[in-house]
Every structure is written in structure tokens, then in C-alpha cells.
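Residue strings, one per chain:
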Amino acid sequence: MEIQVHDIRKTFDGTAAALDGISLTIRSGELLALLGPSGSGKTTLLRVIAGLEFPTGGSVLFDGDDASHRTVQERNVGFVFQHYALFRHMTVLDNVGFGLAARPRANRPAKAEIRRRAEELLALVQLQGLEHRSPAQLSGGQRQRVALARALAIEPTVLLLDEPFGALDAKVRKDLRRWLRQLHDRTGHTTVFVTHDQEEALELSDRVAIINQGRLEQIGTPSEAYLRPESAFVFDFLGSTNVLPVEVRDGRAFFAGCPVPVADGIEAGDGHYTLQARPCDMMLAVDRQGPGLGGIAEMVRVSLGRVRVDMKVGGLARPIELELPMKGEGWRELQPGQSLRVRIDRYHLFAAP
Ligand code: ADP
Ligand code: MG
């Protein structure tokens with residue numbers, strides 16, 4: 001099932017547009033991550049695709065047919081939400097079979113058939129043996145797998161997952177991420193996975209659509225998004241970056257009047273830009289001499305895989321906040337009050353906003 005989202009707009013009463021003209025195509029059988037900060041419109045877009053929310057404008061096509069006026073049932077989508085409430089008074093098996101049992105009599109399978117299908121799905125999500133437990137007797141990760149089995153039971157053409165692992169702890173999330181990827185590879189459902197977690201989106205998906213303030217910033221494979229970000233937002237959002245407002249003159253960049261050392265000079269016309277660099281593409285040295293953007297460390301914090309430094313530069317009133325790599329020896333010795341130099345080996349330049 002291919003889904004085309006065409007120029008979707010959604011405005012709730014009296015608010016700014018939640019979706020501001022989004023167009024994208026979800027390819028048949030792919031696992032697409034919808035990634036964006038909280039409030040960017042991910043859930044609204046997912047609900048529009050499902051038919052739970054009607055857009056103010058635009059259309060949704062399922063395999064080329066306009067589905068805009070179809071109900072949720074007619075679209076045949078399977079859903080899993082972040083806090084998916086399973087029915088507490090029902091067993092795991094009855095939870096999974098619920099969607100089938102609730103069908104109108106004409107196309108409701110026989111009881112034994114529903115049971116067989118539910119058992120099959122529980123095997124698929126690796127929960128054999130837990131059929132007769134109640135949801136309260138399961139771990140969080142097991143409950144989310146029951147929710148997934150329940151969504152799959154109706155044999156959906158599309159699977160829509162809204163932060164399904166959001167409420168679980170980091171270790172369980174990582175396991176479920178890997179597990180979901182394998183499940184997807186076996187079943188081949190067209191799947192849309194909403195998350196605000198960059199790592200989850202990049203590690204899980206075939207392609208990632210990055211949403212910001214109701215607009216699509218970029219869509220592409222994880223490595224395209226990471227290595228060839230098309231906007232300052234995408235670059236910054238996909239992993240920590242250092243942001244320097246610079247002025248380019250004759251192929252050289254200046255920050256607060258100091259030359260910024262970048263490899264190979266800068267290929268950009270004169271003007272104002274935002275220069276961004278990831279910690280892994282930078283180098284830090286604590287000696288006073290040599291190339292590099294120099295300054296004095298004000299605050300030094302060791303974080304996971306990075307060193308955060310507030311660096312006072314020249315005549316600037318406020319220090320710049322940097323995230324530097326734990327590469328070489330320099331970072332081990334770094335103390336407040338010390339001189340340091342920062343070299344930038346790879347960077348991206350974006351037109352200043
Ligand atoms: P996300 O899932 O990315 O966090 P949402 O799609 O939930 O974002 O919300 C996008 C924007 O739309 C937010 O500003 C939110 O407050 C607003 N919004 C979402 N649902 C409603 C609603 N039912 N009524 C009014 N505003 C809403
Ligand atoms: Mg949401």
C-alpha cells in the first residue's frame with residue numbers, strides 16, 4: 001500500500017496551523033519514521049492518515065485512490081499509541097482477538113478462527129505461553145508487543161505507530177526497536193512510526209521524514225538526512241552541533257572578527273551564515289599557539305562522549321557554548337581559566353536566518 005499525502009493542512013480552532021501544507025509519499029512496504037520535536041504536528045499527521053482527523057485542506061491517497069472521505073474502518077489501518085490501554089479485564093488472547101470479534105457479524109470470523117489467529121500473532125510477537133495472563137501481569141515491553149499483535153490482528157494494510165515505546169525505559173526501547181525492525185522485515189507492512197527520538201528514527205527506519213512546525217523539512221534515508229542535511233534545523237536536530245554565526249569574506253569565515261579555521265577554505269559568496277559542526281568533526285587543543293578559534297574555557301563539563309565547554313572569545317560579552325569531542329588528550333586536561341583552541345574539520349554552512 002502506497003500512501004500519498006498531498007498538501008495537508010490542519011488548523012484547530014483559534015490556533016496556528018498544526019500542519020502547514022505537508023506533502024510526502026510513503027512507499028509500499030517501507031518503514032517511515034516521522035521525526036520532529038514535541039508539538040511539530042506528528043500525531044496530527046498520523047491521525048489524518050488514519051482518518052481519525054479530517055484535514056482543513058489537502059488529500060490522502062491510498063494506492064492512488066482518494067481516501068480523504070473514508071472512515072478509519074474503511075482505511076483498514078492498525079494503530080498503536082504511546083500509552084496503549086489494553087483491556088484490563090480481558091486476557092492477552094482476547095485483547096489480541098478484539099478487533100476481529102468486534103466486527104459486524106457478516107465478516108466476523110468464527111470463534112475458533114479468531115482464537116487461532118490470535119495465537120499465531122502472539123507467536124509472531126514472541127509471547128507464546130502468556131495467552132491467559134491479564135495485562136497487569138505483563139511487563140511494559142510485553143504489553144506493547146500485545147498492543148502490536150492486536151493492531152496486526154485486523155490484517156491492516158497500513159500500520160501506524162505513535163511513539164509506541166515512548167513510555168518504556170531506554171534498554172527495553174532498544175530491544176523493542178530491533179525487534180520491531182525484524183518483525184517489519186518479515187511482515188512487510190507499510191509502516192509509519194512517529195517518534196521525537198532521533199536515534200530511534202535513524203536506527204529503525206528505511207526513510208525518515210523530519211517535521212518542524214507543521215512543515216516537512218526533509219525526507220530521505222537516515223544517512224542522507226544525517227550526512228546531507230538540507231536545513232540548519234535538520235542538522236541541529238540530528239545530533240548535537242555547534243552553531244557559530246559567521247561572516248564570510250573572500251573564502252574565509254570570521255566569528256566575532258576572529259578567523260574560523262575550516263579545512264580547504266569556504267565555498268560560499270560573501271555574506272552572513274550559520275556555521276554548524278558536530279563534535280566528532282572538531283578537534284580541541286589546550287595549547288596557546290597554532291591554528292584554531294581560540295578562547296578561554298569558563299565552564300567545563302564532562303558528558304557522555306562529549307565535553308561541554310563555555311568558551312570566552314575576544315571581545316564577546318557572552319561565552320559560546322561548545323560541545324567538543326573526547327578525542328586526543330586535550331579534553332582530559334581542560335580546566336576553567338585555561339586557553340583552548342578549536343579546529344573544525346567538517347562543517348555545514350546555512351544562509352543566516
Ligand atoms: P506532536 O505529535 O508532534 O507532538 P501534535 O500533532 O500533537 O504534535 O500537535 C501539533 C500542534 O497542534 C500543537 O501545537 C498542538 O497543541 C495542536 N493540537 C493538536 N491537537 C489539537 C486539538 N485537538 N485541539 C487543538 N490543538 C491541537
Ligand atoms: Mg504526538
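Scroll up for the structure.
In what follows, the accompanying structure is described.

Cut-off values and rules
- Residues numbered from 1 in each chain as written.
- Chains lettered and ligands numbered in written order.
- Predicted model: local features only at pLDDT ≥ 70, side-chain atom pairs only at ≥ 80, totals over all residues.
- Heavy atoms only, no water.
- Core = buried A, V, L, I, M, F, W, Y, C linked by side-chain atoms within 4.5 Å.
- Buried < 20%, exposed > 50% of the residue type's maximum accessible area, 1.4 Å probe, protein only.
- Helix = DSSP H or I, 4+ residues; strand = E, 2+ residues; numbered from the N terminus.
- Salt bridge = Lys/Arg side-chain N within 4 Å of Asp/Glu carboxyl O.
- Axes fitted to C-alpha atoms, helices over the stretch in contact; angles between N-to-C directions.
- Parallel < 35°, antiparallel > 145°, perpendicular 65-115°, else oblique.
- Left-handed = near helix turned anticlockwise from the far one by under 90°.
- Contact = heavy atoms within 4.5 Å.
- Nonpolar A, V, L, I, M, F, W, Y, C, P; charged D, E, K, R; others polar.
- Near = heavy atom within 4 Å.
- Polar contact = N/O pair within 3.5 Å; in protein donor to acceptor, adjacent residues only side chain to side chain.
- Areas by Shrake-Rupley, 256 points an atom, 1.4 Å probe, with all protein chains shown as cover.
- Phe/Tyr/Trp six-rings, centres within 6.5 Å; stacked < 30°, edge-to-face > 60°.
- Lys NZ or Arg CZ within 6 Å of the ring centre and 35° of its normal.
- Expected span 1.5 Å × (residues − 1).

## Focus on the nonpolar core
Turning to step 1, where the next piece is worked out: Ranked by size, the top nonpolar core spans 30 residues in total, and within it Val96, Leu148 and Leu180 carry the most contacts.
Turning to step 2, where the next piece is worked out: Elements represented by at least two residues in this core include exactly helix H3 (92-101), helix H4 (111-124), helix H5 (140-153), strand S7 (158-162) and helix H6 (170-187).
Turning to step 3, where the next piece is worked out: The next biggest cluster of nonpolar side chains, apart from the first, holds 28 residues, and it includes Val260, Ile266, Leu293 and Ala297.

## Quick notes on the pattern of salt bridges
Turning to step 1, where the next piece is worked out: The final tally for this structure, using the stated rule, is 25 salt bridges.
Turning to step 2, where the next piece is worked out: Lys10 serves as the salt-bridge partner of Glu53, at 3.9 Å between the closest nitrogen and oxygen. With Glu53 in the loop between helix H1 (42-50) and strand S4 (57-62) and Lys10 in strand S1 (residues 3-10), this residue pair connects regions lying 43 residues apart in the sequence. Each member of the pair, Glu53 as well as Lys10, is classed as buried.
Turning to step 3, where the next piece is worked out: Linking Glu203 and Arg177 is a salt bridge whose minimum nitrogen-to-oxygen distance equals 2.8 Å. Note that Glu203 is positioned in helix H7 (residues 198-204) and Arg177 in helix H6, a separation of 26 residues in sequence.
Turning to step 4, where the next piece is worked out: Here Glu203 falls in the exposed class, since its relative accessible area comes to 52%.
Turning to step 5, where the next piece is worked out: Judged by relative accessible area, Arg177 falls into the buried class, the value being 5%.
Turning to step 6, where the next piece is worked out: Bridged by salt links that share partners, the residues Arg173, Lys174, Arg177, Asp197, Glu199, Glu200 and Glu203 form one connected network.

## Describing the packing of H4 against H5
Turning to step 1, where the next piece is worked out: Two elements in contact, H4 and H5, have axes separated by 9 Å at closest approach and are oriented at 135 degrees. Classified by the angle between their axes, H4 and H5 sit oblique to one another. In terms of crossing hand, the pair formed by H4 and H5 is right-handed. For the pair formed by H4 and H5, the contact residues are Arg117, Leu121 and Leu124 on the first element and Ala149, Leu152 and Ala153 on the second.
Turning to step 2, where the next piece is worked out: Considered class by class, the residues forming the contact of H4 with H5 number 5 nonpolar, no polar and 1 charged.

## Thoughts on the site of ligand 1
Turning to step 1, where the next piece is worked out: In the neighbourhood of ligand 1, the contacting residues comprise Phe12, Ala18, Pro37, Ser38, Gly39, Ser40, Gly41, Lys42, Thr43 and Thr44.
Turning to step 2, where the next piece is worked out: Here Ser40 contributes a backbone N or O atom positioned 3.2 Å from an oxygen atom of ligand 1.
Turning to step 3, where the next piece is worked out: When the free accessible area of ligand 1 is taken as 560 Å², the share hidden by the protein chains comes to 56%.
Turning to step 4, where the next piece is worked out: Among the residues forming the shell around ligand 1, the class breakdown is 3 nonpolar, 6 polar and 1 charged.

## A few points about the packing of aromatic side chains
Turning to step 1, where the next piece is worked out: Applying the stated criterion across every chain yields a total of 5 aromatic pairs.
Turning to step 2, where the next piece is worked out: Summarising the aromatic geometry, the rings of Phe79 and Phe81 are spaced 4.7 Å apart at their centres and angled 20 degrees between planes, so their arrangement reads as stacked.
Turning to step 3, where the next piece is worked out: Residue Phe79 is classed as buried on the basis of its relative accessible area, which comes to 11%.
Turning to step 4, where the next piece is worked out: Seen from the ring of Phe254, Arg249 lies directly overhead, with NZ or CZ sitting 4.4 Å from the centre.
Turning to step 5, where the next piece is worked out: One Lys or Arg, Arg278, reaches over the ring of Tyr226 and ends 3.6 Å from the middle of that ring.

## Describing H4
Turning to step 1, where the next piece is worked out: When the terminal C-alpha atoms of H4 are compared, their 20 Å separation across 14 residues agrees well with the 20 Å that a helix rising 1.5 Å per residue should span.
Turning to step 2, where the next piece is worked out: Those residues of H4 that are buried lie in contact with H3 and H5.
Turning to step 3, where the next piece is worked out: One or two positions beyond H4, positive phi appears at Gln126, with a value near 60 degrees.

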